[in-house]
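# Per-entry structural report
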Amino acid sequence: MSGTAPAAARQGSDLWARVFAALYDPLLWRGERAGMGARRRQLLGRATGRTVELGSGTGLNLPNYPDDLEELILTEPEAAMRVRLDRRLRTTQRKAKVLDASADQLPFTEGSVDTVVSTLVLCTVDNPDAVLREVERVLRPGGRLLFVEHVRSKSPRLALWQDRLEGPWRRFAEGCRCNRATLELIRASGLEVDDVQEATWEGMMVPIVRPLIFGAATKPDSRRA
Ligand SMILES: C[S@@+](CC[C@H](N)C(=O)[O-])C[C@H]1O[C@@H](n2cnc3c(N)ncnc32)[C@H](O)[C@@H]1O
């Protein structure tokens, strides 16, 4: 919501942001148990070195990072989510820094990050191309983006429903675009997709968010050429 929006609209949006943050874990609970939790563990076990997570939300990824990770930085621009993220972090032994930062303006110097993590975030950011440019900027050559994202369906029928329901879903889910072709956006960025798998987000009641991709993309090392 822009800073020039009428006060009543801003308050309504802040209130929904708080409600959505409170509903987030319960809404995902079945899906986490039906396979998303295992997927997070599998993916985040690949994080190495200085690791930056985009849009950490309530911190569902926290238990899944390797214990010997050099540094973990969790970024989250939404205050209502950050409150829950801080709270979850305090209940763990993990050392991590929480930053109020948007994924399209990361407060890191060029080539200073080994791993960037995006789980269910590229669907929500307003400008995924700008975010991917920023990811590419902060990663060192050879550094990796690890991702789990729900995406536009390959089934024309489900994709049609994703298009039809994009507006109401976006308003409900705080900006999430259920019809975004995120893999194509990653492929079109400067990153090279190393491996990608398609899956179904089991346990989610709403079919429009079920098509999933997960995998890794690397910032090419220009010295190799
Ligand atoms: C669907 S939630 C995913 C949360 C968490 N990554 C997970 O896997 O459960 C999307 C998150 O992206 C955050 N977000 C929205 N816009 C963002 C932006 N421009 N930069 C970074 N995070 C953003 C939201 O606040 C929210 O926490």
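A few points on the structure. (Residues numbered from 1 in each chain as written. Predicted model: local features only at pLDDT ≥ 70, side-chain atom pairs only at ≥ 80, totals over all residues. Heavy atoms only, no water.)

Counting its secondary structure elements, the protein contains 6 helices and 7 strands. Secondary structure of the protein in N-to-C order comes out as α-β-β-α-β-β-α-β-α-α-α-β-β. What you see for the protein is a C-alpha radius of gyration of 17 Å, in line with the 17 Å of a compact globule of 225 residues. Principal-axis analysis of the C-alpha atoms gives the protein an extent of 50 × 40 × 40 Å. Considering the protein as a whole, with its 225 residues, one finds that 48% of them fall into the buried category. In the protein, once contacts between residues fewer than 6 apart in sequence are set aside, the share between residues at least 24 apart is 69%. Seen as two clouds, the 34 positive and the 30 negative side-chain charges of the protein have centres 4 Å apart. (Helix = DSSP H or I, 4+ residues; strand = E, 2+ residues; numbered from the N terminus. Rg over C-alpha atoms; globule rule 2.2 N^0.38 Å. Buried < 20%, exposed > 50% of the residue type's maximum accessible area, 1.4 Å probe, protein only. Contact = heavy atoms within 4.5 Å. Lys, Arg positive; Asp, Glu negative; His and termini not counted. Charge placed at Lys NZ, Arg CZ, Asp CG, Glu CD.)

Attention shifts here to the state of the cysteines. One pass over the full model with this rule turns up 0 disulfides. The thiol sulfur of C123 is not disulfide-bonded, and the nearest other cysteine sulfur, from C176, lies at 3.9 Å. (Disulfide = S-S within 2.5 Å.)

What follows covers the site of the ligand. Taken together, 17 residues form the shell around the ligand, and within it Y24, R40, G55, E76 and T119 come nearest. A distance of 2.7 Å separates an oxygen atom of the ligand from a polar atom in the side chain of Y24. Taking E76, its side chain carries an N or O atom lying 2.6 Å from an oxygen atom of the ligand. Burial of the ligand by the protein amounts to 88% of the accessible area it has alone, namely 590 Å². For the shell around the ligand, the class distribution of residues is 8 nonpolar, 6 polar and 3 charged. (Near = heavy atom within 4 Å. Polar contact = N/O pair within 3.5 Å; in protein donor to acceptor, adjacent residues only side chain to side chain. Areas by Shrake-Rupley, 256 points an atom, 1.4 Å probe, with all protein chains shown as cover. Nonpolar A, V, L, I, M, F, W, Y, C, P; charged D, E, K, R; others polar.)

Attention shifts here to unusual backbone geometry. For L120, which is not glycine, the phi dihedral falls at a positive 60°. Of note, L120 is situated in the loop between β4 (113-119) and α3 (128-138). Judged by relative accessible area, L120 falls into the buried class, the value being 10%.

Here the focus is the layout of surface pockets. Vacant regions in the atomic arrangement are exposed by a probe of water-molecule size rolled over the atoms. If you add up the space inside the second largest pocket, you get close to 250 Å³. V151, R152, K154, E198 and I213 are, among the 13 residues lining the second largest pocket, the residues nearest its centre. Going through the elements one at a time, α6 (182-188), β6 (192-200) and β7 (211-218) are the ones with two or more residues in the lining of the second largest pocket. When its residues are assigned to classes, the lining of the second largest pocket shows 7 nonpolar, 1 polar and 5 charged. (1 Å grid on protein atoms, 1.4 Å probe; cavity = no way out; pocket = protein on both sides within 12 Å on 5 of 7 lines; lining within 4 Å. Points joined across faces, edges and corners; volume = space filled by probe spheres on them.)

With that settled, consider helix α2 (residues 79-90). End to end, α2 covers 17 Å across 12 residues, agreeing with the expected 16 Å (1.5 Å per residue, within 8%). Regarding α2, the residues found buried are A80, M81, R82, L85 and L89. (Expected span 1.5 Å × (residues − 1).)

This part covers the pattern of salt bridges. Inspection of every chain in the model, using the stated rule, returns 12 salt bridges. Its salt-bridge partner being R46, residue D195 comes within 2.9 Å of it at the nearest N-O pair. In this pair, D195 sits in strand β6 while R46 sits in the loop between α1 (7-44) and β1 (50-53), placing the two residues 149 residues apart along the sequence. In this structure R46 comes out as partly exposed when scored by relative accessible area, which is 27%. For R177, the salt bridge identified is with D126, shortest N-O distance 3.2 Å. Pair noted here: R177 is in the loop between α5 (166-172) and α6 and D126 is in the loop between β4 and α3, with a separation of 51 residues, a long-range link. For R177, a relative accessible area of 15% translates into the label buried. (Salt bridge = Lys/Arg side-chain N within 4 Å of Asp/Glu carboxyl O.)

Moving on to the sheet that holds β1. Within the open sheet, the 7 strands sit side by side as β3-β2-β1-β4-β5-β7-β6. Their pairing is mixed. Two strands bound the open sheet, and with one partner strand each, they are β3 (97-99) and β6. Taking the axes of each pair of neighbouring strands and ignoring which way they run, one obtains an average angle of 15° across the sheet. Of the strand pairs in this sheet, strand β5 (residues 139-150) and β7 are connected by 7 bridges, and their pairing is antiparallel. Paired with F147 across the two strands is G215, which belongs to β7. Strand contacts of α3: β4 and β5, with the helix running at about 145° to β5, the strand carrying the most contacts. (Pairing = 2+ DSSP bridges. Axes fitted to C-alpha atoms, helices over the stretch in contact; angles between N-to-C directions.)

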